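Below, each chain spelled out in residue letters.
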Amino acid sequence: MQPAPEMLHTLSNCFLQTLAPNPEPRKLAENYLKQAAEQDGYGLAVLRLLTEQNVDDQVRQAAAVNFKNHVKYRWAPANSDLSAINEAEKDQIKALVVNMMLSAPPKIQSQLSEALAIISKHDFPKKWGSLLPELVTSLKNAGSDYSVTNGVLQTVNSIFKQFRYLYKSAELYVDLKYCLDEFAAPLLEIFVRTSQLIGSNAQSPNVLKPLFECQRLCCRIFYSLNYQELPEFFEDNMKQWMSLFHDYLVYENPLLKESRDDKESVLDQVKAAVCENINLYMEKNEEEFKDYLPGFAADIWGLLMKVSLSSSHDRLAMTAIKFLTTVSKSVHHNLFNQPDALKQICESIVIPNVELRDDDEELFEMNQLEYIRRDMEGSDIDTRRRVACELVKGLSTYFSQEVNSMFSAYVRGMMDRYSTNPLQNWKSKDCALFLVTALAPKQIPGSATGSSLVDIDQFFATAILPELQCEDVNSQPILKADAIKFVTTFRVQLPKQVSLTLIPHLARFLLSESNVVHSYSALCIERMLIIRDGKQLRFGAQDLAPFMSVLLNNLFAALKLPESQENVYVMKCIMRVLSNGDIAQYATNCLDQLVNILSVLYKNPSNPTFSHYLFEAIAALVRRSCEKSPELVGIFEVKLFPVFQDILALDVIEFAPYVFQIMAQLIDTRNPPLPPTYIGLFPHLLTPVLWQRSANVPALVRLLQSYLQRASGEIIQAKQLEPVLGVFEKLINSKNTDHHGFFIINTVVEYLDYQVLSNYVTGIWNLLFMRLQTHRTGKFIKSLIVFMSLFCVKYGHDILVESIQNIQQGLFLTIIQTFWVPHLLSITGDIEVKLCAVASTKLLCESPVLQTDAAIPVWGKLLNSLITLLIRPEEERVEDEGDVPDLDEMVGYTAVYAQLYNAGKKEEDPVKEVQDAKQLLVISLAKLSSCAPGKFPAIIQQSVEPANQAGLAQFCNTYNCSIV
């Protein structure tokens, strides 16, 4: 199927417009491409456009990126809203993409290589058996053309990366064996041949660079193929591989050095890849590798002696240090048990790599966010400092006494050097503080329990407190940041009264000109405010009261400092202070400032994490202020609604879910009747387009629940119940949203009388049971049991049984036996467990349908399951108490951002009249058995497990009841 020239011309113009600086033509072009992507043949047309030599390179590159994304989202779409590429077009794309990728310019080649890897993730090898043989043939035919060779290897590397991340399985090993059979021998062949070419072209840098790039790719493929376990081919040829690896670790050629100091050379890239390979063998194939270990340990040691502190050598230094770390924790740790070996490692490798470099200072001043991400514990970014400290921890595995003694002395020496000339030797103190915090044992990320290097209390008093008490918040900012980081790290260990004395100092540092310092200060305060002693927050509202004014003033002032207008750490701290403190007198002023920030932010949302904590802060204000002082609700609505209306009117899709949740929160704080503003908005919330966006669904459901709770009469009067049930039907039919559908129908049952719902009940049951029959999941069954339990306690067991039996006689008993009894134990959560226990008790002891002779076996099984549920330890059935999620490392606006912790719906107990479900069970059983003495003890003896019989007997003793 050849795309028409007119279509290629139109696509070319569209891709050109997507590069336009003017947003209007750019938006039109993007919308056209989105619509065109729905049509068959679109992917093929874009692929063909890439071969048009008369098309501008920028346009072709934009088209290549578009093709990659088209394949990513439509080859096997996870989102049901996107149409999939048809099979015939897929076959055509697969037939063309390899040769097109190999013949494309580098920038387009890299995009096509990624696209090919995405396709292979879904189709290779089962649906694309020709791919690997085609790549091997291209590799053999490439000859001395290393642009083709490297293109093939880059693609193979992308395809084989999956073997690093997949769990072991029979299917994985079948695919891995196929790849090994096809590619292991060609890989060694090209690696050996290229090594020979490197030897004969040592004076030609332009020839050498693609050759070394080839070797780098070969090393990465080696890593992927060896990741799961040692393949037979590689074991048989280990000597040849390891010999060449050794050659590259010791290879030097000044001609391969980069002209820029901060750019990694291709030679260093190869050496780093070799380090990763030998580290992999050290970790996974220690026995087979042991004969090569002494030689490589010497190679790595020598390499680290020569590696400079330049950032261009960072990756090489880190991979080499990681290898030594792996060795230090292995059975071969005695390699380091030689005279002065530990001292040489610590002084020649560790200390130089933990000392502050000029690059680090520049990062601190010029790229604060990157500095914070690298410096803070818990970050997934490797740095020289971090891997050097990991080496110290590795050495401590077998030489803890010697290592601790050495580093205690190093820290003392650094602090002594600092004290002789604080202005000149401040880097010595920085290094000492870093070592103390980095090497402290951690219980949770970022929180230490003590130190083996120093006495924490004494070190705090002599080295940390003076920094925090310094009046000049802008002097020696790196040391100030180090001191605040120390407090953050040891916050749990510091006594409460000491921590309270630090809050005014930390508040002062919120005004520091250094972005890192005021960010660390905000982070430290925020982390302190979530410390719990048992289940109790260490710092309550009363503790914070003396500091609330200065904290809030300085936090909002920090957001006005240069490059901190969207500082995530500061906004998160504002949210935490508003959540924990007594904010009555500050509420309206804080709201004004937050609304002002939001009024600017919604016009160009760019920082999803900051936006999330901004809305969390608003939600915290509503929760802490309006719920205690209902008279503030109207004031909050006047201030919030104009900006909310703008967000919804302008369709700011990133913020709409937040608006819905805070509106729900405001409704929850009001008593009926709701103002006309809310009632008038309700029909618009049922508009289908709003529900098509997955991120809107949880928030809209939350808002619907609030309306049903506070305005059920108005909804019925306006004949809006049917549209609400229509939303329920849409949600319940998808396994991704069925739990949200249950939230709606549960709220309908909880707050509407049966006579209002009676005409719809049969349809509801038909919908639920059809879904149960066709696409049941554990989550759905659990939600169904909770719904049936709520229906039972709200409307009565008779109506529950009758309404289900009206669909089909005997259906109720089938549902109880097949689903309720086996899945009752899946119920978690205090309220849910209690609700299901009360409903089960009512069915057991009050429903005639379960007391017939035919139903007695089911009765016994239900009682057995119920007792098991009630005797289960509380910690197994109570869900963890939630908290605001940590979003610091997340990027992009996604559905997960929609959930506001502070705007969460308060769960109400639908059976609050029942104090104790266990007591209700034994009282109800005693009453039932008194009507038929001897009958039910016999059934219990036959049907209930011995452990549960003992549990039931204990219940009876506790509540002084007997079952006769």
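Remember, it's a predicted structure, so these values are computed and weren't measured experimentally.

Conventions adopted
Residues numbered from 1 in each chain as written. Predicted model: local features only at pLDDT ≥ 70, side-chain atom pairs only at ≥ 80, totals over all residues. Heavy atoms only, no water. Helix = DSSP H or I, 4+ residues; strand = E, 2+ residues; numbered from the N terminus. Contact = heavy atoms within 4.5 Å. Areas by Shrake-Rupley, 256 points an atom, 1.4 Å probe, with all protein chains shown as cover. Lys, Arg positive; Asp, Glu negative; His and termini not counted. Charge placed at Lys NZ, Arg CZ, Asp CG, Glu CD. Axes fitted to C-alpha atoms, helices over the stretch in contact; angles between N-to-C directions. Left-handed = near helix turned anticlockwise from the far one by under 90°. Nonpolar A, V, L, I, M, F, W, Y, C, P; charged D, E, K, R; others polar. Parallel < 35°, antiparallel > 145°, perpendicular 65-115°, else oblique. Expected span 1.5 Å × (residues − 1). Buried < 20%, exposed > 50% of the residue type's maximum accessible area, 1.4 Å probe, protein only. Patch = residues over 30% accessible without salt bridge, like charges linked within 9 Å, V, L, I, M, F, W, Y side chains within 5 Å. Salt bridge = Lys/Arg side-chain N within 4 Å of Asp/Glu carboxyl O. Phe/Tyr/Trp six-rings, centres within 6.5 Å; stacked < 30°, edge-to-face > 60°. Lys NZ or Arg CZ within 6 Å of the ring centre and 35° of its normal. Arc of directions from axis to C-beta. pLDDT = per-residue confidence, 0-100. Disulfide = S-S within 2.5 Å.

### Side note on the overall build of the protein
Within the protein, the regular secondary structure consists of 48 helices and 4 strands. Projected onto its principal axes, the C-alpha coordinates of the protein cover approximately 100 × 75 × 65 Å. Partitioning the intrachain contacts of the protein with sequence separation of at least 6 by distance along the chain shows that 74% fall at a separation of at least 24. As displayed, the protein has an accessible area near 42,800 Å², and 51% of this comes from carbon and sulfur atoms. Each charge class in the protein can be summarised by its mean position, and for the 87 positive and 109 negative side chains these summaries are 2 Å apart.

### Overview of the packing of helix α6 (residues 106-123) against helix α8 (residues 146-160)
Packing of α6 against α8 leaves a shortest axis separation of 8 Å and a crossing angle of 35 degrees. Remark: the crossing between α6 and α8 carries right-handed chirality. Between α6, through Gln109, Ser110, Ser113, Leu116, Ala117 and Ser120, and α8, the contact on the second element is made entirely by Ser147, Gly151, Gln154, Thr155, Ser158 and Ile159. Considered class by class, the residues forming the contact of α6 with α8 number 3 nonpolar, 9 polar and no charged.

### A word on the packing of helix α40 (residues 778-795) against helix α41 (residues 797-805)
Contact geometry for α40 and α41: axes closest at 6 Å, N-to-C directions at 125 degrees. Here α41 runs oblique to α40, going by the angle between their axes. Across from Met788, Phe791, Cys792 and Tyr795 in α40, the residues of α41 making contact are His797, Ile799, Leu800, Ser803 and Ile804. Residue composition of the contact of α40 with α41, grouped by class: 7 nonpolar, 2 polar and no charged.

### Topic: α6
For α6, with 18 residues, the first-to-last C-alpha span of 25 Å sits near the 26 Å given by 1.5 Å per residue. For α6, the set of buried residues is Ile108, Gln109, Gln111, Leu112, Ser113, Ala115, Leu116, Ala117, Ile118, Ile119, Ser120 and Asp123. Buried residues in α6 make contact with α3 (42-49), α4 (57-74), α5 (87-103), α7 (131-141) and α8.

### Notes on a negative patch on the surface
Negative charge collects at one region of the surface, where Glu232, Glu235, Asp236 and Glu288 lie side by side. Sorting elements by how many residues they give to the negative patch places helix α11 (residues 232-236) first, with 3 residues.

### Structural notes on the environment of Tyr418
Position of Tyr418 among the secondary structure elements: in helix α20 (residues 384-420). Overall, Tyr418 belongs to the buried group, its relative accessible area being 12%. A sequence separation of 84 residues divides Tyr418 from Asn334, and the C-alpha atoms of the two residues are 35 Å apart. In this structure, Tyr418 is in contact with Asn425, Trp426, Ser428, Lys429, Glu467, Gln476 and Leu479, ignoring residues within four places of it in sequence.

### Regarding the packing of aromatic side chains
Summed over the entire model, instances satisfying the criterion amount to 37 aromatic pairs. Considering the side-chain rings of Trp765 and Phe791, the 5.3 Å spacing of their centres and the 55 degrees angle between planes classify their relative orientation as tilted. Here Trp765 is found in helix α39 (residues 754-774), whereas its partner Phe791 is found in helix α40, with 26 residues between them in sequence. Overall, Trp765 belongs to the buried group, its relative accessible area being 0%. The positively charged end of Arg220 is found above the aromatic ring belonging to Tyr223, 4.9 Å away from the centroid.

### Description of helix α47 (residues 935-943)
Taken residue by residue, α47 has Phe936, Ile939 and Ile940 as its buried positions. All buried residues of α47 project into a common sector of 100 degrees when viewed along the axis, lining one side. When the buried face of α47 is taken as reference, the exposed residues oriented beyond 90 degrees from it are Gln941 and Gln942. Of the surrounding secondary structure, the elements contacted by the buried residues of α47 are α44 (856-871), α46 (917-931) and α48 (946-959).

### A few points about the pattern of salt bridges
Taken as a whole and assessed by the stated rule, the structure comprises 41 salt bridges. A salt bridge links Asp314 to Arg384, with the shortest nitrogen-to-oxygen separation between them at 2.7 Å. With Asp314 in helix α16 (residues 314-328) and Arg384 in helix α20, this residue pair connects regions lying 70 residues apart in the sequence. Residue Asp314 shares its accessibility class with Arg384, and that shared class is buried. Between Arg702 and Asp668 there is a salt bridge, with its nearest N and O atoms 2.7 Å apart. With a gap of 34 residues between them, Arg702 in helix α35 (residues 696-710) and Asp668 in helix α32 (residues 656-668) connect regions that are remote in the sequence.

### Description of the confidence of the model for the protein
Across the protein, pLDDT averages 91, with 96% of residues at or above 70. Note on residues 888-897: pLDDT under 50 across the span, and 27 contacts to partners over four residues away in sequence or across chains.

### Topic: unusual backbone geometry
Residue Pro125 is bonded to the preceding Phe124 through a cis peptide linkage, with omega at 0 degrees. For the bond from Pro672 to Pro673, the omega torsion is 0 degrees, close enough to zero to count as cis. As for its placement among the helices and strands, Pro673 is situated in the loop between α32 and α33 (676-685). A positive phi angle, near 40 degrees, is found at Gln476, a position not held by glycine. Inspection of the secondary structure puts Gln476 in the loop between α22 (456-469) and α23 (477-489). Its identity as a non-glycine residue notwithstanding, Asn960 has a phi of 55 degrees, on the positive side. Of note, Asn960 is situated in the segment after α48.

### Examining the environment of Gln941
If you trace the backbone, Gln941 turns up in helix α47. The exposure class of Gln941 is exposed, given its relative accessible area of 56%. Put simply, Gln941 and Gly860 are 81 residues apart on the chain and 9.3 Å apart in space, counted from C-alpha to C-alpha.

### Notes on the side chain of Gln215
Residue placement: Gln215 occurs in helix α10 (residues 205-226). The class for Gln215 is buried, based on a relative accessible area of 0%. Setting aside chain neighbours within four positions, we find Gln215 in contact with Ile190, Phe191, Thr194, Ser195, Ile198, Tyr248 and Val270.

### Description of the state of the cysteines
Using the criterion set out here, one finds 0 disulfides in the structure. Residue Cys275 stays outside any disulfide, its sulfur separated by 10 Å from that of Cys219, the closest cysteine. Cys275 sits in the buried class, given a relative accessible area of 0%. No disulfide involves Cys470; its nearest neighbouring cysteine sulfur is the one of Cys524, lying 17 Å away.

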